[in-house]
Amino acid sequence: MPQIRYDYITGVSHIQWDVTFPIKCPVCNGKANPVFSISRETASKASFLKIKKEKEEIEDWDVLVAEHPQPLVDDKYTGEWNEWPYKSEPAKGKHYVVFIGKDHVPFHELSKDKVYEALYAIQETYKKLSDLNRVIYISIMMLSADGADMEGHPHFDVIGLPFVPKVINEEMNRFVKSLEDKDTCPICEVIKAEELGSKLIYRNENWIAYYPWSPSRRNEIRITSLTHYKPISKLTQKELQDLAFLLLTSAKALHEVSGTDYTIVFHLLPPKRSVTYYHNYIQLFNIKDVTESMLNGLGIYIGNSDTEFKKIQNAYRSVLKSMVGL
């Protein structure tokens, strides 16, 4: 049964998730469990997005929000709570998938409209998860933008977690320290610096994309709002459209540079925190394996560590036998 394990030494959280990638696409094999969908409607020569919740309406969609077929966290998971030194708990929470369109294409080959529709669906999913008492943090990410998950069906994973990930905790602490020491937000200062264009990639009315002065990941691009802390649930239509353009163009550029898989990770304040010292941002960076998205993006390791241990143990015994005859 999936379990969350906490490491007191590194701060990394580990979720026992015995999954083999790519996970089969539930939409294409007819096994999706829909929650709601988004469709683009036309009236009086103008188009608008409509949320559909009734099952008979959901079939005709542009973006589909469904329950994950093999959720990382779920209400149904049971188990024991343990403390020092091996802290763990059942992997309770909620895991949704935002499927973008019906075609299997990499993220960078989508249209701007499709990305905007996905962001609108993410916003609605975020609001839904924010109302759950057990959800402490909402992770929004694309584990694989080039098709290594869900058999290449483009999608975002929106996950309601019962803890705040290591990376977010550390960032919040650094933001508080910056506020105390310099009475300012570090991202706001970066935005001011990038007005000179030293690491600027692109800027529009609401967002800025830049290459970080000291990157933490390979081919990293950061996108942040020009407005200091604003919850994703309160972004306007124009802000979502501008973000869709920056996400898509940044993804295209990243893929052109690397030609390899990449991830998209949102760094957000926990939904129930009322502080305004944090400045949300988004990372894009290259990955070699799907599990790198959560580990390098949020400090969460996913995988079956018990199986990994047994392989290492058996290998070590083989090494001992060959070297010292044990």
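Structure shown above.
What counts and what doesn't
Residues numbered from 1 in each chain as written. Predicted model: local features only at pLDDT ≥ 70, side-chain atom pairs only at ≥ 80, totals over all residues. Heavy atoms only, no water. Helix = DSSP H or I, 4+ residues; strand = E, 2+ residues; numbered from the N terminus. Contact = heavy atoms within 4.5 Å. Buried < 20%, exposed > 50% of the residue type's maximum accessible area, 1.4 Å probe, protein only. Pairing = 2+ DSSP bridges. Axes fitted to C-alpha atoms, helices over the stretch in contact; angles between N-to-C directions.

Asker: Describe the side chain of Ser 130, with residues and values.
Answerer: With respect to the helices, strands and loops of the structure, Ser 130 is situated in helix H2 (residues 112-130). Not counting chain neighbours up to four residues away, the residues in contact with Ser 130 comprise Ile 138, Pro 271 and Lys 272.

Asker: Help me get a handle on the side chain of Ser 13, residues and values and all.
Answerer: Following the sequence through the fold, Ser 13 ends up in strand E2 (residues 13-16). Apart from the residues within four sequence positions on either side, Ser 13 is in contact with Arg 5, Tyr 6, Phe 163, Gly 299, Ile 300 and Tyr 301.

Asker: Mind laying out the pairing of strand E12 (residues 221-225), listing which residues take part and the relevant values?
Answerer: Each regular strand displays side chains that alternate between the two surfaces of the sheet. Judged by how many residues are buried, E12 sits mostly within the fold: five of five residues are covered. The side-chain alternation of E12 yields two buried faces, one formed by Ile 221, Ile 223 and Ser 225 and the other by Arg 222 and Thr 224. In the sheet, strand E11 (residues 207-210) pairs with E12 via four bridges, with the strands oriented antiparallel. From the neighbouring strand, Ala 209 faces E12, where its bridge partner is Ile 223. Judged from the four bridges that link them, E12 and strand E14 (residues 281-286) form a sheet pairing that is antiparallel. Its bridge partner lying in E14, Ile 221 is registered against Leu 284.

Asker: Can you tell me about the sheet that holds strand E1 (residues 3-6), naming the residues and giving the values?
Answerer: What links the strands of a sheet is backbone hydrogen bonding, and the strands pair in either a parallel or an antiparallel sense. If you walk across this open sheet you meet the four strands as E6-E1-E2-E15, and the pairing is mixed. Because the sheet does not close on itself, it has two edges, and the strands there are strand E6 (87-90) and strand E15 (300-303). Adjacent strand axes in the sheet meet at a mean angle of 20 degrees when their direction is disregarded. Inspection of the sheet shows E1 paired to E6 by four bridges, in the antiparallel sense. Across the sheet, residue Arg 5 finds its bridge partner in E6, namely Ser 88. Together, E1, E2 and E15 form the strand contacts of helix H7 (residues 305-324), whose direction differs from that of E2 by roughly 90 degrees.

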